[in-house]
Amino acid sequence: MMKFNYFYQQVAAFFIVIIVMLIIMGFSFLQFSKNTTYKNTETQLYGYAQALVSGDLQKNQLDTGQLILKNQEVTLTVFNSDDLMIYPETVKTYKSGVSKEDFEKLVKGQRISLTTRQTDFYGNDRQLAIIYLPFFTKNSNIFSGFVAVSSPISGIEATLTALRNNLFTAFLFSSLGAILLSLLFAKYQVNRINRLRTATHTVASGNFDIHLENNHKDEFDDLAEDFNLMAESLKASQEEIEHQENRRRQFMADVAHEMRTPLTTINGLLEGLKYDMIPDNQKKRSVELMHNESKRLIRLVNENLDYEKIRSNQIFLHKQTFNLKETFEMIVEQLSLKAAIEKNKLVIDCSPTIEIYADYDRFVQIIVNLTQNAIQFTQCGEIRLIGMMDARQTVIKLSDTGIGIDPKEVESIWERYFKADVSRKNTVYGESGLGLAIVQQLVNLHGATISVESIKGEGTVFTLRFPLEKE
Ligand SMILES: Nc1ncnc2c1ncn2[C@@H]1O[C@H](COP(=O)(O)OP(=O)(O)OP(=O)(O)O)[C@@H](O)[C@H]1O
Ligand SMILES: [Mg+2]
């Protein structure tokens, strides 16, 4: 739903500003016109008076003047030095009725500019604009009277009224224009706000791929720019969250995968003890094996379930040099049960002097994974754990006589969740397709290499090369 509040505010603001301007301009114009009109009348009336005075106020001149000016309703009146009307000649004598101060001014020779009066000299109600001009004797310059020239105010006002009417019409049209202009302005501003609102809604709904066009002109553009920056940083955080979430999920899957093997070993041995299936002379060894495996589990948990390590994806290796054959023997012992189930034979082919430089737990993890795969994909076959050493490195080969890997699939086996045969349901061991991905990661961490050769139907050989400890 659209809200009109701000829109109306803007319309009102623009409209008020424009109207106030029009009113002020109208009034000053009227005032100006009024002043000019009165000024013009005054100049005109003075002109007549001046002409009469310089014509020595001859009666015939006055008569002609009065006759000509009749049409303009201008009247000429002359008073003597006693303020008594001497023209036009009347039976009764009339006074001008000017105030004492004005009369003093006239005596001193000052003219009296345009004034208004409500009655004419005969006492009729007539609104007049009038000027007074004194005159003096030619030679001795003695005040001998004054001329009053008047014009009805209605004449002046008529001009002004016509002007006012014109102005009012102009004002009406301008107001209409102002409304239109205000609407346009307000619409423009509100549109710019609405553009930001739409963008905000888009971001709120989780879509951060938004970019507002920007002309860098005013605060609205600045706001749009800030908005773009905000969307960008929100997008970055969103991506970081997803990235962390993926990493966490991957980590949990890896941990579960690695915990399964020792737990299965311990569980198998416990079952054997429970049903008394383990011969007395092997019981001690079984307990030792379980103890070792549980210790390995604890180390796994301690080292891996550190939140900071998960976040930064750091695994620290505690590398040391240890005997390879002994390690093989431990692993074989641990996996012999599983091998027996698949009727596989586990063979160690390694001289007792061979050593390897690696993180012990990680190394066990690597070999267990590979051996388990070999057991899993071999039936009634032989699996060999081979160890060799030269001046630079320890080479380990893990060969089996199992189903082999299709050449087309060799490249893919390192991928997470890859399984050559998806329909294969082996619930005892591998099922997630994570093992080789983990192995490869661990091998790389060691600065070692791993490669695979396989012939479909004949068997597979994994070769690992671990560099020796540098002196
Ligand atoms: N020794 C092997 N012989 C034949 N195929 C193998 C061998 N080792 C691995 N593969 C193939 O590579 C795939 C990936 O192995 P990987 O260990 O990553 O997963 P997995 O064993 O299926 O499951 P898990 O995650 O439980 O180990 C296997 O599914 C299998 O198809
Ligand atoms: Mg596996």
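The numbers attached to residues start from 1 for each chain and follow its sequence in the written order. Chains and ligands are labelled sequentially in the order written, the chains with letters from A and the ligands with numbers from 1. Side-chain atom pairs in this predicted model are given and counted only at pLDDT of 80 or more, local residue features only at pLDDT of at least 70, and totals for whole chains, interfaces and linings cover all residues. The side-chain numbers reported here are obtained from all heavy atoms of the structure, hydrogens and water having been left aside.

## What to know about the sheet that holds strand β4 (residues 125-136)
Phase 1 of the analysis: Strand pairing is defined by DSSP finding a minimum of two bridges between the two strands. The secondary structure listing takes helices from DSSP runs of H or I that are at least 4 residues long and strands from runs of E that are at least 2 residues long, numbered from the N terminus. With respect to topology, five strands assemble into an open sheet ordered β2-β1-β5-β4-β3, the strand pairing being antiparallel. The sheet is open, and its two borders are formed by β2 (85-87) and β3 (112-119), each paired with just one other strand. On average, each strand axis in the sheet is inclined to that of its neighbour by 35°, with strand direction left out of account.
Phase 2 of the analysis: Where helix α1 (residues 5-54) meets the sheet, it contacts β1 (75-80), β3, β4 and β5 (143-152), and its direction lies at approximately 45° from that of β4. Each axis is a line fitted through C-alpha atoms, taken for helices only over the stretch in contact, and angles between the N-to-C directions span 0 to 180 degrees. By the convention used here, residues are in contact when the closest approach between their heavy atoms is within 4.5 Å.

## Overview of empty space enclosed by the protein
Phase 1 of the analysis: Only protein atoms enter the 1 Å grid used here. Points where a 1.4 Å probe fits but cannot escape make up a cavity, open sets with protein on both sides within 12 Å along at least five of seven lines make up a pocket, and a residue lines them when an atom lies within 4 Å of a point. Grid points are joined across faces, edges and corners, and a volume is the space filled by probe spheres set on the points. Within the structure shown, the criterion is met by three cavities of 30 Å³ or more.
Phase 2 of the analysis: Looking at the second largest cavity, its volume works out to about 40 Å³.
Phase 3 of the analysis: What lines the second largest cavity is simply E258, T261, P262, R296, V364, Q365, V368 and N369.
Phase 4 of the analysis: Looking at the lining of the second largest cavity, the elements that each hand over two or more residues are α5 (219-274) and α9 (360-376).
Phase 5 of the analysis: A total of four residues in the lining of the second largest cavity trace back to one element, the largest contributor, which is α9.

## Observations regarding the environment of K235
Phase 1 of the analysis: By the secondary structure assignment, K235 is in helix α5.
Phase 2 of the analysis: Classification of K235 as partly exposed rests on a relative accessible area of 30%.
Phase 3 of the analysis: Placed 25 residues apart in sequence, K235 and I210 show a C-alpha to C-alpha distance of 9.9 Å.
Phase 4 of the analysis: Excluding anything up to four places from it in sequence, K235 contacts F208 and D209. Exposure classes here rest on a 1.4 Å probe applied to the protein chains alone. A residue is buried below 20% of its type maximum, exposed above 50%, and partly exposed in between.

## Considering the pairing of β5
Phase 1 of the analysis: Among the ten residues in β5, nine count as buried, and that is most of the element.
Phase 2 of the analysis: Where β4 and β5 come together, nine bridges link them in antiparallel fashion. Opposite L128, over in β5, you have P152 as the bridge partner.
Phase 3 of the analysis: Taking the residues that link successive antiparallel strands as the turn, the β4-β5 hairpin has six residues, and the phi of N141 there is positive, at about 60°.

## Here's the deal with the packing of α5 against helix α10 (residues 435-445)
Phase 1 of the analysis: Running from N to C, α5 and α10 point in directions that differ by 100°, and their axes come no closer than 10 Å. When the interaxial angle is binned, α5 and α10 end up roughly perpendicular. Only G435, I438 and Q441 of α10 make contact with α5, whose side of the interface consists of D254, H257 and E258.
Phase 2 of the analysis: Residues are grouped as follows: Ala, Val, Leu, Ile, Met, Phe, Trp, Tyr, Cys and Pro are nonpolar; Asp, Glu, Lys and Arg are charged; every other residue, Gly included, is polar. When its residues are assigned to classes, the contact of α5 with α10 shows one nonpolar, three polar and two charged. Each angle receives one of four descriptions, namely roughly parallel if under 35 degrees, roughly antiparallel if over 145, roughly perpendicular if within 65 to 115, and oblique otherwise.

## Structural notes on the pattern of salt bridges
Phase 1 of the analysis: Whenever a carboxyl oxygen of Asp or Glu lies within 4 Å of a side-chain nitrogen of Lys or Arg, that contact is scored as a salt bridge. Summed over the entire model, instances satisfying the criterion amount to 16 salt bridges.
Phase 2 of the analysis: Between R249 and E245 there is a salt bridge, and its shortest N-O distance comes to 3.4 Å. Taken together, the residues span about one helical turn, with R249 and E245 both in helix α5 at a distance of four residues.
Phase 3 of the analysis: The class of R249 is partly exposed, set by a relative accessible area of 48%.
Phase 4 of the analysis: Accessibility expressed as a relative area gives 30% for E245, which makes it partly exposed.
Phase 5 of the analysis: Here R296 and E293 are joined by a salt bridge, their closest N and O atoms 3.4 Å apart. One end of the pair is R296 and the other is E293, both in helix α6 (residues 280-304) and three residues apart, which spans about a single turn.

## Considerations on the domain arrangement of the protein chain
Phase 1 of the analysis: For the protein chain, the assigned domains are domain 1 (5-160) and domain 2 (317-471).
Phase 2 of the analysis: Domain extents, as shown, originate in an automatic or database domain assignment. Between domain 1 and domain 2, the C-alpha centre-to-centre distance is 124 Å.

## Describing helix α2 (residues 59-70)
Phase 1 of the analysis: Between its terminal C-alpha atoms α2 stretches 16 Å, which fits the 16 Å expected from twelve residues at 1.5 Å a residue.
Phase 2 of the analysis: Residues of α2 that are buried: L62, G65, Q66 and L69. What you see down the axis of α2 is that its buried residues fit within an arc of 100°, all on one side. Set apart from the buried face of α2 by more than 90 degrees, the exposed residues are N60, L67 and I68. One less than the number of residues in a helix, times 1.5 Å, gives the span that helix is expected to have. Comment: arc refers to directions from the helix axis out to C-beta atoms.

## Concerning the sheet that holds strand β10 (residues 393-400)
Phase 1 of the analysis: Pairing within the open sheet is mixed, and its five strands lie in the order β7-β9-β10-β12-β11. Since the sheet does not close on itself, it has two edges, and those belong to β7 (345-350) and β11 (449-455), each with one partner. If you compare each strand with its neighbour and ignore which way they point, the axes differ by 15° on average.
Phase 2 of the analysis: Across seven bridges, β11 lies against strand β12 (residues 459-467) in antiparallel orientation. Residue pairing for β12: I450 is matched across the bridge by L464.

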